[in-house]
Every structure is written in structure tokens, then in C-alpha cells.
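So the chains spell out like this:
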Amino acid sequence: MARAATTADAFNAVAEPRRRQILDVLIGGERPVNDLARQVGLAQPQVSKHLRVLREVGAVDVRQEGRQRLYRLNGHALKPIHDWVESYERSWSERFDRLDVVLEDSN
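Note that this is a predicted model, so its numbers are computed, not measured.

**A few points about the pattern of salt bridges**
Note on pairing: side chains with opposite charge can pair once their charged atoms come close.
Right, so step 1: Counting across every chain of the model gives eight salt bridges.
Right, so step 2: Between glutamate 30 and arginine 63 there is a salt bridge whose closest N-O contact spans 2.7 Å. Separated by 33 residues along the polypeptide, glutamate 30 in the loop between helix H2 (17-26) and strand E1 (31-32) and arginine 63 in strand E2 (residues 60-65) bring together distant segments of the chain.
Right, so step 3: You can call arginine 63 partly exposed: its relative accessible area is 30%.
Right, so step 4: Residues participating in the shared-partner salt-bridge network are Glu30, Arg63, Glu65 and Arg72.

So this is what it looks like as C-alpha cells:
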């Protein structure tokens, strides 16, 4: 039986392209929701929904400053994605190294 789609983990949360855009903006530092909305080209309510999902998986933290909420990236929550991709990176690096040897031998 197929598993229902969920946003309960970082993999599923970042599967949505707009959430990845938000994370890309937050790499540059804290931003209020209206700034994020402007930069990703979405309405504030849509960005807020995406931020809620990212907060639920821990990829984004929020802090209150006066009447404004500032959102920031929490890279630790994305580590499982990094670890998973890293195994593929090692495999491809090894393959490219072997290809380099073959190409050098053919010269």
C-alpha cells in the first residue's frame, strides 16, 4: 500500500519548489514574511503556509521582534538530506575518477 504524501520530514517538505525558493532566500539571513513573499513572488498567506510546513520539520526558525516575525534557516534540520545526497556524490566521484583513468590510458 502506498504511503500518503506527508510534510512530516525534511525530504517531503523541500520537495515543493516554492519551499526550496524560500530556503534559498533565507540562506542570506533572516527575513520577515512580507520580504519573503516579495522575493519569491507569492502572496503573504501562501508564504505563511509554506513557512508553517518548514517550521514543522525544523528547517526554519522564527523569532519575534516587536510586531514582526523574522524567519531564519535552520540547516541542522536539512542534514538528513545532505547525508543522503552525499552517498550519491561519493559514488559519482568514484565513477568520474575511474573514467579519468580510462581516458588518460587511451591517450
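Next, the rest of the story.
**Topic: the side chain of arginine 19**
Right, so step 1: With respect to the element layout, arginine 19 can be found in helix H2.
Right, so step 2: Of the buried charged residues, arginine 19 lacks a salt bridge, with glutamate 16 as the closest side chain of opposite charge at 5.0 Å.
Right, so step 3: In terms of polar contacts, arginine 19 uses its side chain to reach the backbone carbonyl oxygen of alanine 13, at 3.2 Å.

Rules and cut-offs
- Residues numbered from 1 in each chain as written.
- Predicted model: local features only at pLDDT ≥ 70, side-chain atom pairs only at ≥ 80, totals over all residues.
- Heavy atoms only, no water.
- Salt bridge = Lys/Arg side-chain N within 4 Å of Asp/Glu carboxyl O.
- Helix = DSSP H or I, 4+ residues; strand = E, 2+ residues; numbered from the N terminus.
- Buried < 20%, exposed > 50% of the residue type's maximum accessible area, 1.4 Å probe, protein only.
- Lys, Arg positive; Asp, Glu negative; His and termini not counted.
- Polar contact = N/O pair within 3.5 Å; in protein donor to acceptor, adjacent residues only side chain to side chain.

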